[in-house]
Amino acid sequence: MHCSDCSEQISLYLDGLLDQEQVTRLQAHLAHCEACRAEWEAVHWLSSILEAEPAAAPAPDFAARVNLRLQRREARRRRVRGGIGVLLGSVGLWGAAAVAVALLFVVLWQPSLRIVWLDVGRPLAGKAFSILAVLGRALYSVVHELFQRPSWLLLSGNAILALGLIALWTRIVLRPRALMLQVNAKT
Ligand SMILES: [Zn+2]
């Protein structure tokens, strides 16, 4: 037997795939070839270790950890999907508003309706506008008067306004964060 065939014969022997004649030839070669005997010993030793060692079992909490990971991934996916839903919803609302405005524009542009608009709508709108203008001017003069002569009323009004704005700002800034923290704690 040649040394180059020996490695293959050794592994076939360990797998029980050699007939008696082949086994005898292999043993005869190993008896006088030191290199192949060394290889035989190494391979035999390794294969005995592998047979004695039970298959590596996963850690006891492996399944639980995988499960937790899958749940987290699912929660993340749901959050992303929810965000996309909100986004699409608001886009839909804005789209509906745009369509409504466009329809109104088209309707008002119809010749017959334009006459109605010119006859009834515009004077009414003009009246409303003049009333608003009067109210605006009155409001402006009151504010102007107050700013000309600072008084305790103005100062306290400003303070109340500032406090209200701060409270509103705090609510707007802190509320989504609290909600987000709750969501994160749950997942
Ligand atoms: Zn040999």
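Just so it is clear, the structure is predicted and the values come from calculations on it, not from any experiment. (Residues numbered from 1 in each chain as written. Predicted model: local features only at pLDDT ≥ 70, side-chain atom pairs only at ≥ 80, totals over all residues. Heavy atoms only, no water.)

### Some points on the packing of helix H1 (residues 3–14) against helix H2 (residues 20–32)
Turning to step 1, where the next piece is worked out: Two numbers describe how H1 lies on H2: the axes approach to 11 Å, and their chain directions differ by 125°. If you check the angle between H1 and H2, you find them oblique. Considering only the axes of H1 and H2, their crossing is left-handed. Of H2, the residues touching H1 (which contributes Cys3, Cys6, Gln9, Ile10 and Tyr13) are Gln22, Val23, Leu26, His29 and Leu30. (Axes fitted to C-alpha atoms, helices over the stretch in contact; angles between N-to-C directions. Helix = DSSP H or I, 4+ residues; strand = E, 2+ residues; numbered from the N terminus. Parallel < 35°, antiparallel > 145°, perpendicular 65-115°, else oblique. Left-handed = near helix turned anticlockwise from the far one by under 90°. Contact = heavy atoms within 4.5 Å.)

### A look at the packing of aromatic side chains
Turning to step 1, where the next piece is worked out: Summed over all chains, the structure comprises 1 aromatic pair.
Turning to step 2, where the next piece is worked out: Taking 5.5 Å as the distance between ring centres and 55° as the angle between the ring planes, the aromatic pair formed by Tyr13 and Trp40 counts as tilted. Of this pair, Tyr13 sits in helix H1 while Trp40 sits in helix H3 (residues 34–52); the two residues are 27 residues apart in sequence, bridging distant segments of the chain.
Turning to step 3, where the next piece is worked out: Exposure remark for Tyr13: the relative accessible area of 32% places this residue in the partly exposed category.
Turning to step 4, where the next piece is worked out: Using a relative accessible area of 18% as the deciding quantity, one classes Trp40 as buried. (Phe/Tyr/Trp six-rings, centres within 6.5 Å; stacked < 30°, edge-to-face > 60°. Buried < 20%, exposed > 50% of the residue type's maximum accessible area, 1.4 Å probe, protein only.)

### Details of the side chain of His29
Turning to step 1, where the next piece is worked out: By the element assignment, His29 lies in helix H2.
Turning to step 2, where the next piece is worked out: Owing to a relative accessible area of 5%, His29 belongs among the buried residues under this scheme.

### Here we look at H2
Turning to step 1, where the next piece is worked out: The terminal C-alpha atoms of H2, which comprises 13 residues, lie 19 Å apart, in line with the 18 Å expected from a rise of 1.5 Å per residue.
Turning to step 2, where the next piece is worked out: Every buried residue of H2 is accounted for by Val23, Leu26, His29 and Leu30. Buried residues of H2 fall within an arc of 125° about the axis and therefore sit on the same side. Pointing more than 90 degrees away from the buried face of H2 are the exposed residues Gln20, Glu21, Ala31 and His32.
Turning to step 3, where the next piece is worked out: On the buried face of H2, the contacting elements are H1 and H3. (Expected span 1.5 Å × (residues − 1). Arc of directions from axis to C-beta.)

### Things to note about the state of the cysteines
Turning to step 1, where the next piece is worked out: Enumeration according to the criterion identifies 0 disulfides in this entry.
Turning to step 2, where the next piece is worked out: A disulfide-free cysteine, Cys6 has its sulfur positioned 3.5 Å from the sulfur of Cys36, the nearest such atom.
Turning to step 3, where the next piece is worked out: Judged by its relative accessible area of 0%, Cys6 falls in the buried class. (Disulfide = S-S within 2.5 Å.)

### Considering a positive patch on the surface
Turning to step 1, where the next piece is worked out: There is a patch of like positive charges on the surface, built from Arg69, Arg72, Arg73, Arg76 and Arg79.
Turning to step 2, where the next piece is worked out: By secondary structure assignment, the location of Arg73 is in helix H4 (residues 62–109). (Patch = residues over 30% accessible without salt bridge, like charges linked within 9 Å, V, L, I, M, F, W, Y side chains within 5 Å. Areas by Shrake-Rupley, 256 points an atom, 1.4 Å probe, with all protein chains shown as cover. Salt bridge = Lys/Arg side-chain N within 4 Å of Asp/Glu carboxyl O. Lys, Arg positive; Asp, Glu negative; His and termini not counted. Charge placed at Lys NZ, Arg CZ, Asp CG, Glu CD.)

### Section: a nonpolar patch on the surface
Turning to step 1, where the next piece is worked out: Residues Trp45, Leu46, Ile49 and Leu50 make up a contiguous nonpolar surface patch of about 450 Å² in total accessible area.
Turning to step 2, where the next piece is worked out: The class for Leu46 is partly exposed, based on a relative accessible area of 47%.

### Here we look at the coordination of the zinc ion
Turning to step 1, where the next piece is worked out: The protein atoms that coordinate the zinc ion are Cys3 (SG), His29 (NE2), Cys33 (SG) and Cys36 (SG), at distances of 2.0 to 2.4 Å.
Turning to step 2, where the next piece is worked out: Each of the 4 donor atoms bound to the zinc ion contributes to angles spanning 99 to 119°, and the resulting shape is tetrahedral.
Turning to step 3, where the next piece is worked out: Sequence spacing among the residues donating to the zinc ion works out to C-x25-H-x3-C-x2-C. Separated by 30 residues along the polypeptide, Cys3 in helix H1 and Cys33 in the loop between H2 and H3 bring together distant segments of the chain. (Donors = N, O, S within 2.8 Å, 3.2 Å for Na, K, Ca; no water. Tetrahedral: all angles 85-135°; square planar, octahedral: opposite > 155°, others 65-115°.)

### Remarks on the pattern of salt bridges
Turning to step 1, where the next piece is worked out: Applying the stated criterion across every chain yields a total of 2 salt bridges.
Turning to step 2, where the next piece is worked out: Where Arg78 meets Glu74, a salt bridge forms, and the shortest distance between an N and an O atom there is 4.0 Å. In this pair, Arg78 and Glu74 are both assigned in helix H4, 4 residues apart and thus about one turn of the helix distant.
Turning to step 3, where the next piece is worked out: Relative accessible area serves as the criterion here: at 52%, Arg78 is assigned to the exposed category.
Turning to step 4, where the next piece is worked out: When salt bridges that share partners are traced, they join Glu74, Arg77 and Arg78 into one network.

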